[in-house]
Amino acid sequence: QDPAWFESTLGGGAVLKYKSWIGTQAELSFQTLRITTTSSQATLPERFQTGAALSITQPLLKGGWLASNLNEVRKAGAQEDRYRANLLDTVEKKVASAIENLQDLQAAQAELTSAEAEKDSAEQLWEKSRNAERAGKISSGDALAARAAAAVARAKAWGAQARKEE
């Protein structure tokens, strides 16, 4: 052998990996090498080596076929169930709230209608009482009581209107 000889190797490569939804795993690798030598006995002082490999693995038992994603499918199904339950709960609450608001509005409308009818009736009674007092048919105390009843009925109508607008 030549005492001053050396050999060097320089190389690089790449690997691509893929796993399918049924658990199949594929691996493709490439490699290239450059080998140089200073030996006087070498037939080729510089040579290149290139290689490629493809391997495909299909687990038949654990982690293979549909079992490879079964856990993810179960998780997704459970999450979907939770989302559906939350959506159903939210819809039920919104519907119940809308029904309650509608019932409150109907009650307020009925209260307002009743209060306005009572106010109109009290104001008509007060008007008749004023005319009767002027004609001397009733006392001023009775006319004043009719006026107070009309004022109370007006206040009730304003309160009912305010509650309806809430």
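### Some points on the overall build of the chain
Scanning the chain from terminus to terminus reveals 2 helices and 3 strands. Put simply, 56% of the contacts in the chain that link residues at least 6 apart link residues at least 24 apart.

### Topic: a nonpolar patch on the surface
On the surface, Leu87, Val91, Val95 and Ile99 cluster together into a nonpolar patch covering about 350 Å² of accessible area. Along the chain, the position of leucine 87 falls in helix H1 (residues 67-134).

### Observations regarding the confidence of the model for the chain
Taken as a whole, the chain shows an average pLDDT of 84; of its residues, 88% reach a score of 70 or greater. For the chain, strand S1 (residues 7-19) is the element with the lowest average pLDDT, namely 78, and H1 is the one with the highest, namely 90.

### Topic: the pattern of salt bridges
Applying the stated criterion across every chain yields a total of 9 salt bridges. We note a salt bridge from glutamate 80 to arginine 84, for which the minimum N-O separation is 2.9 Å. Of this pair, glutamate 80 and arginine 84 both sit in helix H1, 4 residues apart, roughly one helical turn. Its salt-bridge partner being lysine 156, residue glutamate 118 comes within 3.5 Å of it at the nearest N-O pair. Residue glutamate 118 is found in helix H1, and its partner lysine 156 is found in helix H2 (residues 140-165); the two are separated by 38 residues along the sequence.

### Quick notes on the environment of leucine 112
Relative to the helices and strands, leucine 112 is located in helix H1. Through-space distance from the C-alpha of leucine 112 to that of alanine 157 is 6.1 Å; in sequence the pair is 45 residues apart. What leucine 112 contacts, discounting residues up to four positions off in sequence, is Ala157, Ala160, Gln161 and Lys164.

### As for the packing of aromatic side chains
Inspection of every chain in the model, using the stated rule, returns 0 aromatic pairs. Residue placement shows arginine 130 over the ring face of tryptophan 126; its charged tip is 4.8 Å from the ring centre.

### Considerations on the nonpolar core
Burial of nonpolar side chains together is a common tendency in soluble globular proteins. Ranked by size, the top nonpolar core spans 5 residues in total: Ala122, Trp126, Ala146, Ala150 and Ala153. Only H1 and H2 provide two or more residues apiece to this core. Counting residues per element, this core draws most heavily on H2, at 3 residues. Once residues lying within four places of it in the same chain are set aside, the contact partners of tryptophan 126 are Ala143, Ala146, Arg147, Ala150 and Arg154.

### Looking at H2
Between its first and last C-alpha, H2 extends 38 Å over 26 residues, near the 38 Å set by a 1.5 Å rise per residue. What H2 keeps buried is the set Ala143, Ala146, Ala150, Ala153, Ala157 and Ala160.

### A word on the environment of serine 29
Tracing the sequence through the fold places serine 29 in strand S2 (residues 25-37). Here serine 29 falls in the buried class, since its relative accessible area comes to 19%. Separated by 12 residues in the primary sequence, serine 29 and lysine 17 have C-alpha atoms spaced 8.6 Å apart. Serine 29 has contacts with Ala14, Val15, Gly51, Ala52 and Ala53, leaving out every residue within four places of it along the chain.

### Concerning the side chain of serine 129
You can see serine 129 is positioned in helix H1. You can call serine 129 buried: its relative accessible area is 8%. For serine 129, the contacting residues outside a window of four places in its chain are Ile138, Ala143 and Ala146.

So, how was this worked out
Residues numbered from 1 in each chain as written. Predicted model: local features only at pLDDT ≥ 70, side-chain atom pairs only at ≥ 80, totals over all residues. Heavy atoms only, no water. Helix = DSSP H or I, 4+ residues; strand = E, 2+ residues; numbered from the N terminus. Contact = heavy atoms within 4.5 Å. Patch = residues over 30% accessible without salt bridge, like charges linked within 9 Å, V, L, I, M, F, W, Y side chains within 5 Å. Areas by Shrake-Rupley, 256 points an atom, 1.4 Å probe, with all protein chains shown as cover. Salt bridge = Lys/Arg side-chain N within 4 Å of Asp/Glu carboxyl O. pLDDT = per-residue confidence, 0-100. Phe/Tyr/Trp six-rings, centres within 6.5 Å; stacked < 30°, edge-to-face > 60°. Lys NZ or Arg CZ within 6 Å of the ring centre and 35° of its normal. Core = buried A, V, L, I, M, F, W, Y, C linked by side-chain atoms within 4.5 Å. Buried < 20%, exposed > 50% of the residue type's maximum accessible area, 1.4 Å probe, protein only. Expected span 1.5 Å × (residues − 1).

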